[in-house]
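Architecture at a glance
Chain by chain, the residues run as shown.
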Amino acid sequence: MIAVEELTKVYGNRAALDRVSFEVPAREIFGFVGPNGAGKTTTLRILAALLEPTGGKAFIDGSDVTKDREKVHTRIGYMPDFFGVYDQLTVGEYLDFYAACYRQPKQRRSKIVDDLLALVGMTERKNQQVDSLSRGLKQRVCLARALVHDPAVLLLDEPASGLDPRARVELREILRELQGMGKTIIISSHILPELTELCSMIGIIDNGRMRATGPVREVIARLTSGRRLHIKVLEDKEAALEILTPLPSVRHVESVNGTIEAEYDGDERTASDILLALTQAGIRVSSFAPVDGGLEDAFLKATSEEVG
Amino acid sequence: MNVATRALWNPIVAKEYRTRMRTWRSPLAITIYIVLLGGIGWAVFSALIVTSTGFGQGPGSLGQMLFTFLILFQVALLAFITPALTAGAISGERERQTLDLLFVTPIAPFSIIWGKLLASLSFVVLLLVISVPIFSLVFLFGGIELDQVVSAFLVTGVTAMTLGFIGVAFSTVLRRTLAATVASYGAAFVLLAGTLLYGALFPTEVDSNVTTQPAPPAITLVSPVIPLLTIATNLPVSGYGVRIKNVNPGGPAILNSSGAPQYCAPAPTGGVMCTSQSSSSSSFFAQNSATAIPTGLFTGWQYWQASVVMQLMISLVALLFSALMLPPVRRFRLLRRRAPAAPPA
């Protein structure tokens, strides 16, 4: 549905995007994660045909975004990371205006607006002024606006930023519903856990480069392959270090504040092997805890690594 | 929806009308406009009544004077209002961050500009229409024909339109509304007063032995002031934009102040030979030969016609410029960008 090939965007002599490639099959929710300034918005703007790439290609439903701009615009619903509301317009009029811009016939527009307001749960606010709404409600109106022409693809730039947890849960439900309606969705965020529950695929971008992309489980497994242990021993710490260091599964060992931190490759069986090696050498282990670095750590690791 | 309807009515126009007329600013602007125009009309009228015995030309000239003041004041008012209406057209959307949202719709960038212009200019038309009752007072005194009013309103409307187009062009290029507003007022000043100043500083130079009434430089006619004066007074311009060189104290420096324009050439026998141009052979435009432009680029045209044509040309340039500059991904580039360098490995 969405294919990005070697996308490059250069501003001056800084590469905002450096040969970014990924693919999103139809009906998937693709989470696009990276720190601020990593190139998420640039990628989404290129996909929305608002920006011309310096190099590479991007396709929405088979249409080249630099060539078939009109076709792309009818296929995508774009929600930028800002609201973009007019004053002096009610929610209903605001949506009707964009429906008219998307050339929806007049007879159908009021039904479209009502359906969308029901979808985002704002039916009772139809006659309220758009710019008087709270942040969460504006976000919902903007999502509804991106849907007025029933696009097959949704590009959502930071839709959850600045939302309270409750609004976030509601947004998640709406997105699930949209996925059920057969839409392909790209969501960007700088918070990885926010996306892992929601997305079927993720891509991690940093400094204009794609670090990892694929189904959520795969990417997480790949990122969290280097596990960590916190080990406390009663007396002979030096001896413990001597045992741990030569083990083939252990990548790195150091002593921090009386605790031994060990990084290893493998699964829980490997961890138990490490414990076995220590106890067999007669070292009294008082605490042996796998550190759940979690996604956030993995994400930080992925995005801070120097490129070799 | 056929093509014509779509050209004249796009969603942007409807939205602009809505948001514009919902604020208190629009009724206020209309009220101030009418009060000022009515006020100047009343003031001129009172002043003329007091001194009318001095004129000794009857109510007809009074009507003419009143009309002259009103129409010039109206142009000045519109020169203040139009930039304010249009300078925020595109930059306002940009500042509100709604421009990208319009760009992702199938609406063409040209339609965005056109919709904005249409909405602003219909407000100007509204102002012109509601000023009609004030102008109709002039007919109480006479001295002004309906065709003069129509052509004066046409010139005024075209001037407002030109200023509107320029405002939108600045709004497209300069990203901030404030900058666009300042630039638009600057442009309005240049258009109305700057061109007149040019005529005063660099007038048409004529030899004293040429007896044709010369015209000021064509560029001064971009300003609607001279055309409006000729419409209102029904007299050709004199004493502006013309400098007489080689004043010969012996020979008479005859300036044909009225009547048909004459073409003069030094006669082979010496002296000057003049031929009056008959009005039947003149161009389609010259209905009133007294106020036709005697020399220069627009010879034989009415002053207001030359003004309208030049302003329309400026508008067209401004419109094309805006349409070229607005799209986020431009089809034509002013400077061809070099091929993308290989990204740093």
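Residues numbered from 1 in each chain as written. Chains lettered and ligands numbered in written order. Predicted model: local features only at pLDDT ≥ 70, side-chain atom pairs only at ≥ 80, totals over all residues. Heavy atoms only, no water.

Structural notes on the overall build of chain A
Within chain A one finds 11 helices and 14 strands. Here chain A has a C-alpha radius of gyration of 24 Å; the compact-globule value for 308 residues is 19 Å, and the former is much larger. A principal-axis box enclosing the C-alpha atoms of chain A has dimensions of 80 × 45 × 30 Å. Looking at chain A residue by residue over its 308 residues, the buried ones come to 51%. Only carbon and sulfur atoms are counted for the fraction: they give 47% of the accessible area of chain A, which is about 14000 Å². Computed over 39 positive and 45 negative side-chain charges, the inter-centroid distance for chain A is 6 Å. (Helix = DSSP H or I, 4+ residues; strand = E, 2+ residues; numbered from the N terminus. Rg over C-alpha atoms; globule rule 2.2 N^0.38 Å. Buried < 20%, exposed > 50% of the residue type's maximum accessible area, 1.4 Å probe, protein only. Areas by Shrake-Rupley, 256 points an atom, 1.4 Å probe, with all protein chains shown as cover. Lys, Arg positive; Asp, Glu negative; His and termini not counted. Charge placed at Lys NZ, Arg CZ, Asp CG, Glu CD.)

Structural notes on the domain arrangement of chain A
Partitioning chain A into domains gives domain 1 (2-222) and domain 2 (225-304). Once you take the C-alpha centre of each, domain 1 of chain A and domain 2 of chain A turn out to be 42 Å apart. (Domains from an automatic or database assignment.)

Here's the deal with the packing of aromatic side chains
Applying the stated criterion across every chain, the model contains 13 aromatic pairs over all chains. Ring centres of F67(B) and F135(B) lie 5.9 Å apart, and the angle between their planes is 75°; this geometry places the pair in the edge-to-face category. One end of the pair, F67(B), is in helix α4 (residues 58-86); the other, F135(B), is in helix α8 (residues 132-136), and 68 residues separate them in sequence. An aromatic cluster is present here, built from Y86(A), Y94(A), F97(A) and Y98(A) joined pairwise through their rings. For R145(A), the ring lying beneath its charged end belongs to Y98(A), and the centroid distance is 5.5 Å. The lysine or arginine in question, K15(B), covers the ring of Y86(A), its NZ or CZ lying 3.7 Å from the ring centre. (Phe/Tyr/Trp six-rings, centres within 6.5 Å; stacked < 30°, edge-to-face > 60°. Lys NZ or Arg CZ within 6 Å of the ring centre and 35° of its normal.)

A short note on the environment of L121(B)
Residue and element names in this part refer to chain B. Here L121 shows up in helix α7 (residues 109-130). Given the relative accessible area of 16%, L121 is considered buried. Taking the C-alpha atoms as reference points, L121 and M161, separated by 40 residues in sequence, lie 6.5 Å from one another. Beyond its immediate chain neighbours, meaning those up to four positions away, L121 contacts A160, M161 and F165. (Contact = heavy atoms within 4.5 Å.)

Concerning the side chain of H73(A)
By the secondary structure assignment, H73(A) is in helix α2 (residues 69-75). With a relative accessible area of 4%, H73(A) lands in the buried category. Of note is the side chain of H73(A), whose polar atom sits 3.5 Å from the backbone oxygen of F103(B). (Polar contact = N/O pair within 3.5 Å; in protein donor to acceptor, adjacent residues only side chain to side chain.)

With respect to the nonpolar core
Ranked by internal contacts, the top residues of the largest apolar core, which has 104 residues, are F22(A), L47(A), Y94(A), L95(A), L155(A) and I186(A). The element best represented in this core is helix α3 (residues 91-101) of chain A, accounting for 7 residues. Look past the residues within four positions of I186(A) in its chain and what remains in contact with it is I2(A), F22(A), V24(A), F30(A), F32(A), L44(A), L47(A), L154(A), L155(A) and L156(A). L66(B), A188(B), L196(B) and I231(B) belong to the second largest nonpolar core, which has 52 residues in total. (Core = buried A, V, L, I, M, F, W, Y, C linked by side-chain atoms within 4.5 Å.)

Digging into helix α2 (residues 11-22) of chain B
Over its 12 residues, α2(B) extends 17 Å from the first C-alpha to the last, a length consistent with the 16 Å expected when each residue adds 1.5 Å. Every buried residue of α2(B) is accounted for by P11(B), I12(B), V13(B), K15(B), E16(B), T19(B) and R20(B). (Expected span 1.5 Å × (residues − 1).)

As for the interface of chain A and chain B
Each partner contributes residues to the interface: chain A has 36 residues there, and chain B has 28 residues. Summing the contributions of chain A and of chain B, the shared interface buries around 3000 Å²; its carbon and sulfur component is 61%. Contact with chain B buries surface across chain A, with L50(A), Y86(A) and Q88(A) losing the most and accounting together for 19% of the total. Our count for the contact surface shared by chain A and chain B stands at 4 salt bridges. Between R96(B) and D87(A) there is a salt bridge, with its nearest N and O atoms 3.6 Å apart. The biggest single contributor to the side of chain A that touches chain B is α3(A), with 6 residues. Considering only residue class, the side of chain A that touches chain B consists of 17 nonpolar, 7 polar and 12 charged. (Buried area = accessible area lost by both parts, 1.4 Å probe. Salt bridge = Lys/Arg side-chain N within 4 Å of Asp/Glu carboxyl O. Nonpolar A, V, L, I, M, F, W, Y, C, P; charged D, E, K, R; others polar.)

Notes on the packing of α3(A) against α2(B)
Angle between the axes and distance between the axes are the two parameters that describe a pair of packed helices. Between α3(A) and α2(B), whose axes approach to 9 Å, the crossing angle comes to 155°. Relative to α2(B), α3(A) is oriented roughly antiparallel. Across the interface between the two elements, E93(A), F97(A), A100(A) and C101(A) of α3(A) pack against P11(B), I12(B), K15(B), R18(B) and R22(B) of α2(B). The class makeup of the residues in the contact of α3(A) with α2(B) is 5 nonpolar, no polar and 4 charged. (Axes fitted to C-alpha atoms, helices over the stretch in contact; angles between N-to-C directions. Parallel < 35°, antiparallel > 145°, perpendicular 65-115°, else oblique.)

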